[in-house]
Amino acid sequence: MTAPPLIELRDITRTYRTGALAVEVLHGIDLAIHAGEFVAIMGASGSGKSTLMNLIGCLDRPTGGRYLFAGRDVSTLDRDALALLRRDAFGFIFQQYNLLPTASAVENVEVPAIYAGLPRVRRLARAREILIRLGLGDRLDHRPNQLSGGQQQRVSIARALMNGGRVILADEPTGALDSRSGREVLALLRQLNADGHTVVLITHAPEVAAEAGRVVTIADGHVVSDDGPAPGRPESEVAPPVPARTGGVGPDMLEAVKMALRSLRASLFRTVLTLLGIVIGVGSVVAMLAIGEGARLDVVGRIQAMGSNLLLVRPGAPNLRFTVGGSVATLVPADADEIRLLPHVRGAVPEMQGSVTVRLGSVDYQTMVDATSAEFPIPREWPTASGIFFDQADVRSYAPVAVLGQTVLKALLPEGGDPLGRYVLLNNVPFQVIGVMATKGATPYGGDMDDVVFVPLSTGGLRLLGQRHLRSITVQVDDVAEIAATEARIKALLTERHRTVDFQIRNMASIIETVEQTQNTLTVLLGSIAAISLLVGGIGVMNIMLVSVTERTREIGVRMATGARTWNILLQFITEAIVVCAIGGVLGVGGGIATALVVRALGSTVVLSLPPVLLAFGCAFATGLVFGFMPARKAARLDPVVALGAE
């Protein structure tokens, strides 16, 4: 009983359309090829033989008719099912070899097994074994440009055999070779057929077709002659072993990364330019967020240094601008005494301020005098660095004592020295120095908090400032949760005492909250500006990837011919984009951190933390994923036969 054909074409037609123009290339082809045959399909250029080969190899689909492979109707298969059929049943030998230029001989041969999911160790061993059998044992690591034409064609044959190559489709395999190399390739094809492979040879040369056991002649899309099927052999004898398949997303990802790195290395200069956009974007995100967070903490820290549980009472009606001087005479020391008696009030510090000239020896210095109470250091959390702060007895006795700020001390004693016990003249009034305050730093508004001299409230009001009205009263609340209620009590108390609202109250906790919100907004703004740089870099990645797809269209066709499914092509090009962005992300993070450290070295506050770094790197990764998808989708949707025909 005759075995059914392995390949059976029934009334196959193929029509190409260009706009409204339709050109039928194949006209009702009927052809049956049995397992183990060596068939030559011969015809002149334009006869349709290459189109027929593309249909047999499932690189193209017929317009009409039926194609059965091993009894299975190929027309029912989708793109990925056709890719699996090509991977498992067919091996292609092309006239132009179609080797990957950046890969070695072994790496070219192993491509079909990559898409079959064969483990790397077994894959490499099989590729080496086939190449050695074909006489290329000393050329395993050579790239195509280091091989002769005959050697490249042998690599192409080895690739066709990698997954078993049940059917070998050879399209003009000797067309680009010299006569000696051509004879060697034909001898290999005869040997493959003898080993049990079904060989279909496409040629225009009668002397090449004569090497086959059966010649099918095609002209103008018709079969004009056919020697008839050669005697076949039982299927068990002609089907070469196919390596065991294993697969999974993990191995696919690893191979995609490896191929991506190889491709990026091949276009190094373009890769560097692409990386540059990502590096700048990621570096900007890291650096700007670090600098912005540092600025926020710096400003908030300076305000908090003044006390976050404080209420600041100033003279002047609420509808007036919050005063910074003491010219509005509404607050008096007795107001502070009454406020001190309210619940949850730990202290109420009255203050008068004015400008004075301080002299020590021959040095004169213009500064600010702050006449206040003995409890001033407590709510302000401002201790003395040396000596003591004046006490309540000094206030009651109008003692002429003074405590210097650090800036004043440095101005009076630039060479250093101990001022304690010495007398200074404040507006020509002698005061004994009994202490020096610790360094406080700049105010949130850029002023110098250490440029001040503290004196008792009574002494300053009488002997220096000549007034009894206060510039402010600083109220310390013992519980931040009670600060709003305490503010309301102070407002009620002073309204009752003054019989009008001629004062203003500022809640330091709310000020800090407002400043934090403002700084957070600025940080987001800085981050958004940096993110725009990353967006521009992402557009650059997409542009480069689109160019890469155009330049590598033939490579994509080769991968599809060797079994790459839509997922494999999509994964490869998305991975390339992600790898570029990941490398750029790492370099950008390093550059951003370096920039932030330089800014810190120049004296600015910078806060480096893990979340912004992870955010920036995550954005780079997402950029590769988002902007790589469109080029990858374009590559994955290419038609194999169109891709192979690209120049």
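Undergrad: Give me the overall build of the chain: which residues, what numbers.
TA: Secondary structure assignment for the chain yields 22 helices and 20 strands. In the chain, buried positions account for 51% of the 647 residues. Working note: accessible area of the chain is about 28600 Å², and carbon and sulfur atoms make up 58% of it.

Undergrad: Could you give an account of the packing of helix α5 (residues 120-133) against helix α6 (residues 149-161), naming the residues involved and the relevant values?
TA: Two measures define how a pair of helices packs: the angle their axes make with one another and the distance between the axes. At a minimum axis distance of 9 Å, the contact between α5 and α6 shows a crossing angle of 135°. One way to sum up the angle between α5 and α6 is to call them oblique. Considering how the two elements wind past one another, α5 and α6 form a crossing that is right-handed. Residue-level inspection shows Arg 126, Ile 130, Leu 131 and Arg 133 of α5 in contact with α6, the latter providing Val 155, Ala 158 and Leu 161. Here the residues of the contact of α5 with α6 are counted per class, giving five nonpolar, no polar and two charged.

Undergrad: Would you mind going over the sheet that holds strand β5 (residues 72-73) in detail, with residue names and values included?
TA: Pairing in this open sheet of four strands is antiparallel, and the strands run β2-β1-β4-β5 from one edge to the other. The open sheet is flanked by β2 (21-33) and β5, the only strands paired with a single partner. Relative to the sheet, helix α1 (residues 49-56) contacts β1 (7-18), β2 and β4 (64-69), its axis offset from that of β1 by approximately 120°.

Undergrad: Explain the confidence of the model for the chain to me, and be specific about the residues and the numbers.
TA: Summary statistics for the chain give a mean pLDDT of 83 and a share of 89% for residues scoring 70 or more. Confidence over residues 234-247 falls short of pLDDT 50; this stretch has 35 contacts with residues more than four positions distant or in other chains. This stretch, residues 322-326, has a pLDDT under 50; its non-local contacts, to residues over four places away or in other chains, come to 12 contacts.

Undergrad: Residues and numbers for helix α2 (residues 79-89), please.
TA: Residues of α2 that are buried: Leu 82, Ala 83, Leu 85, Arg 86, Arg 87 and Ala 89. In the core, the buried residues of α2 are packed alongside β4, β6 (90-93), α4 (111-116), β7 (167-171), α19 (553-561) and α22 (640-644). Capping the start of α2 is the job of one residue whose side-chain oxygen sits 3.3 Å from the backbone nitrogen of Asp 80: Asp 78.

Undergrad: Which residues make up the environment of Arg 497, and what are the values?
TA: Within the secondary structure layout, Arg 497 lies in helix α17 (residues 483-498). For Arg 497, a relative accessible area of 35% corresponds to the partly exposed category. Through-space distance from the C-alpha of Arg 497 to that of Asp 335 is 8.2 Å; in sequence the pair is 162 residues apart. When neighbours within four sequence positions are excluded, Arg 497 is seen to be in contact with Val 332, Ala 334, Asp 335 and Glu 338. A distance of 2.6 Å separates polar atoms of two side chains, one belonging to Arg 497 and the other to Asp 335.

Undergrad: Please give an account of the nonpolar core that cites residues and values.
TA: Within soluble globular proteins, side chains that are nonpolar tend to cluster in buried spots. Core analysis: the largest hydrophobic core is formed by 41 residues, its most contacted members being Val 313, Ile 339, Leu 426, Val 455, Ile 473 and Ile 490. The leading source of residues in this core is strand β12 (residues 345-360), at six residues. Leaving out residues up to four positions away in the same chain, Ile 339 has contacts with Val 345, Ala 348, Ile 473, Val 475, Ile 490, Leu 493 and Leu 494. Core analysis: the second largest hydrophobic core is formed by 40 residues, Ala 113, Val 155, Ala 158 and Ala 205 among them.

Undergrad: Got a sec to walk through the packing of aromatic side chains? Specific residues and values, please.
TA: Throughout the structure, instances matching the rule amount to nine aromatic pairs. Relative to Trp 382, the ring of Phe 376 lies with its centre 6.1 Å away and its plane at 50°, an arrangement referred to as tilted. We note that Phe 376, like Trp 382, is buried. Taken together, the ring pairs connect Phe 376, Trp 382, Phe 389, Phe 390 and Phe 454 into an aromatic cluster. Directly above the ring of Tyr 16 sits Arg 14, whose terminal nitrogen or CZ lies 4.3 Å from the centroid.

Rules and cut-offs
Residues numbered from 1 in each chain as written. Predicted model: local features only at pLDDT ≥ 70, side-chain atom pairs only at ≥ 80, totals over all residues. Heavy atoms only, no water. Helix = DSSP H or I, 4+ residues; strand = E, 2+ residues; numbered from the N terminus. Buried < 20%, exposed > 50% of the residue type's maximum accessible area, 1.4 Å probe, protein only. Areas by Shrake-Rupley, 256 points an atom, 1.4 Å probe, with all protein chains shown as cover. Axes fitted to C-alpha atoms, helices over the stretch in contact; angles between N-to-C directions. Parallel < 35°, antiparallel > 145°, perpendicular 65-115°, else oblique. Left-handed = near helix turned anticlockwise from the far one by under 90°. Contact = heavy atoms within 4.5 Å. Nonpolar A, V, L, I, M, F, W, Y, C, P; charged D, E, K, R; others polar. Pairing = 2+ DSSP bridges. pLDDT = per-residue confidence, 0-100. Polar contact = N/O pair within 3.5 Å; in protein donor to acceptor, adjacent residues only side chain to side chain. Core = buried A, V, L, I, M, F, W, Y, C linked by side-chain atoms within 4.5 Å. Phe/Tyr/Trp six-rings, centres within 6.5 Å; stacked < 30°, edge-to-face > 60°. Lys NZ or Arg CZ within 6 Å of the ring centre and 35° of its normal.

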